[in-house]
Amino acid sequence: MAQVEIAKAVQLLDLMLEFFADDGHWARGCYEDGNGGRCLAGALLHLSRKYRLPPAPVIALLQDAMPRPGLPLVHFNDTRCGSVAELRSVILKARRLAHDDAEQERAAAAVKTWLLAQIEKKRDALPAARGETASDEFVPRRLAA
C-alpha cells in the first residue's frame, strides 16, 4: 500500500475504533439495527461514505487481523466474534498491520536508495579500475595500422 493509502486506512480504522468505543454501537445480524448500532461491515461502509475514505484497504487489513485470516467481515461479526472488545481488538490489530506496511514501505524505499547509490558507485569506479578517466570513455581510440 502507498503511504497515502495507509494514512487513509489508519484514519478509517481510528473512526471505527471511536464508533465502537460505545459498546451499544455494535450490532449483529444486520448492517444497521435502527438504534445507532452497526455491524463491523456496516460501520466500515457508513464511515467510509461519510468521510470519503476508501474501504478496500481497510477490508484487507481487517481480514488479515482476524483470528482466522480471510473471513468475510459479516461472517466474523455475526458468528465468530464473541464481544465488542474482541471486535475492537481486531480493529487495533489491523491498525498495527497498517503501520507495519508503512514501515516495510519505508524500509524498501531506503534499500532501493542504497542499492541505486551502490550501483552508481560501482559505475563510477569501473573506468578508474581499468585505468581510464571518465573523459577517456568518450575519446575514440585509434586502431593500429
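One can find the structure itself at the top, above this paragraph.
Described in the following lines is the structure provided in the data block. (Residues numbered from 1 in each chain as written. Predicted model: local features only at pLDDT ≥ 70, side-chain atom pairs only at ≥ 80, totals over all residues. Heavy atoms only, no water.)

### With respect to the packing of aromatic side chains
In the structure shown here, the tally under the stated rule is one aromatic pair. Measuring from ring centre to ring centre gives 5.0 Å for F19 and F20, while their planes differ by 85 degrees; the resulting arrangement is edge-to-face. Assessed through its relative accessible area of 15%, F19 is described here as buried. (Phe/Tyr/Trp six-rings, centres within 6.5 Å; stacked < 30°, edge-to-face > 60°. Buried < 20%, exposed > 50% of the residue type's maximum accessible area, 1.4 Å probe, protein only.)

### Focus on the environment of E18
With respect to the helices, strands and loops of the structure, E18 is situated in helix α1 (residues 3-19). E18 gets classed as exposed once you look at its relative accessible area, which sits at 62%. E18 sits 70 residues away from R88 along the chain, and the two C-alpha atoms are 9.6 Å apart. (Helix = DSSP H or I, 4+ residues; strand = E, 2+ residues; numbered from the N terminus.)

### With respect to unusual backbone geometry
The phi torsion at R52 lies on the positive side, around 55 degrees, for a residue other than glycine. With respect to the element layout, R52 can be found in the loop between α2 (40-51) and α3 (56-65). Assessed through its relative accessible area of 78%, R52 is described here as exposed.

### Digging into the side chain of R38
Inspection of the secondary structure assignment puts R38 in the loop between α1 and α2. When residues no more than four places from it in sequence are discounted, the contact partners of R38 are F19, F20, H25, W26, A27, Y31, E32, A43 and H46. (Contact = heavy atoms within 4.5 Å.)

### Regarding the nonpolar core
Counting residues in each nonpolar core, the largest one holds 33 residues, and the members touching the most others are M16, F20, L40, L62, L87 and I91. Those elements that place two or more of their residues in this core are α1, α2, α3, α4 (73-80) and α5 (84-129). Among the elements that make up this core, the one with the highest residue count is α1 (nine residues). (Core = buried A, V, L, I, M, F, W, Y, C linked by side-chain atoms within 4.5 Å.)

### Here we look at the pattern of salt bridges
The tally for this structure, following the rule as stated, stands at four salt bridges. Here R88 ties to D23 by a salt bridge, and the two come within 2.9 Å at their closest N and O atoms. Taken as a pair, R88 in helix α5 and D23 in the loop between α1 and α2 lie far apart in primary sequence, 65 residues in all. A relative accessible area of 47% means that D23 is categorised as partly exposed. Close ionic contact of E120 with R123 constitutes a salt bridge, the shortest N to O distance being 3.3 Å. Taken as a pair, E120 and R123 lie in helix α5 at a separation of three residues, close to a single helical turn. With a relative accessible area of 52%, R123 lands in the exposed category. (Salt bridge = Lys/Arg side-chain N within 4 Å of Asp/Glu carboxyl O.)

### Topic: a nonpolar patch on the surface
On the surface, a cluster of nonpolar side chains totalling about 250 Å² of accessible area is made up of Y31, L45 and V74. Residue placement: V74 occurs in helix α4. For V74, a relative accessible area of 31% corresponds to the partly exposed category. (Patch = residues over 30% accessible without salt bridge, like charges linked within 9 Å, V, L, I, M, F, W, Y side chains within 5 Å. Areas by Shrake-Rupley, 256 points an atom, 1.4 Å probe, with all protein chains shown as cover.)

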